[in-house]
Structure formats: C-alpha cells, structure tokens
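# Examination of the molecular architecture
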Amino acid sequence: NAGVTQTPKFRVLKTGQSMTLLCAQDMNHEYMYWYRQDPGMGLRLIHYSVGEGTTAKGEVPDGYNVSRLKKQNFLLGLESAAPSQTSVYFCASSSGGTGMRETQYFGPGTRLLVL
Amino acid sequence: GENVEQHPSTLSVQEGDSAVIKCTYSDSASNYFPWYKQELGKRPQLIIDIRSNVGEKKDQRIAVTLNKTAKHFSLHITETQPEDSAVYFCAASAYQGAQKLVFGQGTRLTINP
C-alpha cells in the first residue's frame, strides 16, 4: 500500500514550456486535491476533484488545468510555465464526506523550478 | 472566503517544556480544524484534528482546543522532545461538497536540548 505517490520528484522548466504532474493513490479515495507551497506560506489549494470525471477550482487555479480520468489518478497541467509557478506541489486525497473521512493524506511533493 | 492567521511564525523552547501555537479563522461556517506537521523536505502529516462540536481533544502529548465564539484554536505540545522540531500548520474548512482546507502560514518549532 503506497498511499499517495507523485511523479516526478523534481523538474526544471524554461518559461513557456508545458508539463504534467501525476498524482496516484491506492486507497480508493474519492476526493483528490492539488496544493502549492511557497516559502513562508502555507499550502494553497489549486484544484480539486470529488470523483472520477469531476474537477473544480480552488483558491489559486490560474495557469493550471487538471484532469481526473481515472479514480486513482489526478493530473495537474501547466500549459505555459511562468517563474511565478516555481513552487513545491503537493497532492492529497481523502475518502470524502464528513467525520473520519475528512482526513487528507499527502503525497511526497514535486519540486518545480521555472527559469 | 476563509482566512487563517497563525502565530507565532517561529518558536523555540527547551526540551521538556510546553509549546503553544495559535490560529484564528474568519469564516464562522468552518467546522473542521486539522493540524499538520511537516519535517524538512517531507510531506505534511496530520497529527490531530478537531471538529466544531468538540471544545478540546487530546492524543498523548498533543492537544487542540477550539473556541468557536472567538474563532480561534490552539495546538498544545507538552513534554517536548527533539523529534517535535518541525513546521506546524493549522488549517480550517467548512464542508461544501469537498473539504477545501485553508492553511495558516506555519510555525517553525525548534526544541533545544
């Protein structure tokens, strides 16, 4: 049981390049989330999904797109990377609903540097 | 939308002493308040959480208190140990079809031997 995994661990992009970050979970969780973490700041929600085929915007969605074609995978895309998108990206998943099902489990993170 | 303020940004305590981190939130609809611990270069990990129908929750050396009227909640760590050194984040959310957590800015806790 690997929990939440992320690919790649680290990536360097040039301004204007595109890339896709992959998040996978093997806990059969319904809900998945993408956050970014910048120095001196807490995590901020980019996009989230409450089930296969659904996505929704979070707090800072501009410049990102997401897809949830399979329940276990949540993809985050950058179509035209900008230096402001240099950050550490964390994926999380949860069972969904309320009570004990609210706990979000985080992946190990992807460190992205945009030059 | 929700706004979460966390204080202090850094905290240094002697091993064995207690540490307290405080957070305030703005949205009275928020009803779920988790605390995460993040070690350097690692992922955030849930250490304790509390829901709005409870005023206090304990788990061994860790406790969280919630004051809904004042809209603030606090993390208390007793008998601190070197392995408690990390960055701690509070968060708040109101379930609205998803648990969209809003995080505080984090507190870097250092335990001095």
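Residues numbered from 1 in each chain as written. Chains lettered and ligands numbered in written order. Predicted model: local features only at pLDDT ≥ 70, side-chain atom pairs only at ≥ 80, totals over all residues. Heavy atoms only, no water.

## Quick word on the pairing of strand β4 (residues 32-38) of chain B
Residues and elements named next belong to chain B. Going by this rule: Whether a residue is buried, partly exposed or exposed follows from its accessible area with a 1.4 Å probe, protein chains only, as a fraction of its type maximum: under 20%, in between, or over 50%, in that order. Strands here mean DSSP runs of E at least two residues long; helices mean DSSP runs of H or I at least four residues long; both are numbered from the N terminus. Only when DSSP finds a minimum of two bridges between them are two strands counted as paired.
Counting buried residues along β4, seven of its seven residues qualify, which places the element largely inside the surrounding structure. Residues of β4 alternate between two faces, with Y32, P34, Y36 and Q38 on one and F33, W35 and K37 on the opposite face, all of them buried. Two elements, β4 and strand β5 (residues 45-51), share six bridges in a ladder whose sense is antiparallel. By the bridge assignment, F33 is partnered in β5 with I50. From the end of β4 to the start of β5, which pair antiparallel, there are six residues, and G41 there has a positive phi angle of about 75°. In this structure, β4 lies alongside strand β9 (residues 86-92), joined through four bridges in antiparallel fashion. Paired with W35 across the bridge in β9 is C90.

## Section: unusual backbone geometry
Following A:T7, the chain continues to A:P8 via a peptide bond in cis, the omega torsion being -5°. Mapped onto the elements of the fold, A:P8 is located in the loop between β1 (4-7) and β2 (10-13). Cis peptide bonds are those with omega within 30 degrees of zero, and the linkage from B:H7 to B:P8 qualifies with -5°. As for its placement among the helices and strands, B:P8 is situated in the loop between β1 (4-7) and β2 (10-14). Backbone geometry at A:N28 places phi at a positive 60°, although glycine is not the residue there. Within the element layout of this structure, A:N28 appears in the loop between β3 (19-25) and β4 (31-37).

## Some thoughts on the interface of chain B and chain A
Stated precisely, the cut-off is as follows: Contact criterion: two residues are considered in contact whenever any of their non-hydrogen atoms come within 4.5 Å of each other. Salt bridge, as applied in this entry: a Lys or Arg side-chain nitrogen positioned within 4 Å of an Asp or Glu carboxyl oxygen. A 3.5 Å cut-off defines polar contacts: any pair of N or O atoms within that distance qualifies, except that in protein one atom must be a possible hydrogen donor and the other a possible acceptor, and neighbouring residues in sequence count only when both atoms are side-chain atoms. Gly is placed with the polar residues, together with every amino acid not listed as nonpolar (Ala, Val, Leu, Ile, Met, Phe, Trp, Tyr, Cys and Pro) or charged (Asp, Glu, Lys and Arg).
Counting residues at the interface gives 19 residues for chain B, matched by 23 residues for chain A. Here chain B and chain A share one salt bridge between them. Across the pair B:R51 and A:E102 runs a salt bridge whose closest N-O atoms are separated by 2.5 Å. Applying the counting criterion to the chain B and chain A interface returns seven residue pairs in polar contact (both at pLDDT 80 or more). Secondary-structure elements contributing two or more residues to the side of chain B that touches chain A are β4 and β5 of chain B. Looking at side-chain class alone, the side of chain B that touches chain A contains nine nonpolar, five polar and five charged residues.

## Topic: the state of the cysteines
Let me state the cut-off plainly: For the purposes of this analysis, a disulfide is any pair of cysteine sulfur atoms at a distance within 2.5 Å.
Evaluated as defined, the whole model comprises two disulfides over all chains. The residue that forms a disulfide with A:C23 is A:C91, at a sulfur-sulfur distance of 1.9 Å. One quick way to see it: the torsion about the S-S bond of A:C23 and A:C91 is about -75°, and its sign makes the bridge left-handed. Note that A:C23 is positioned in strand β3 and A:C91 in strand β9 (residues 87-94), a separation of 68 residues in sequence. According to the relative accessible area criterion, A:C23 is buried, its value standing at 0%. Disulfide pairing is shown between B:C23 and B:C90; the S-S distance is 1.9 Å. Here the S-S torsion is close to -100°, and the disulfide linking B:C23 with B:C90 is therefore left-handed. Placement of B:C23 in strand β3 (residues 19-25) and of B:C90 in strand β9 is noted, with a sequence separation of 67 residues between them. With respect to class, B:C23 is no different from B:C90; both count as buried.

Function cannot be read off these values alone, since they describe shape.
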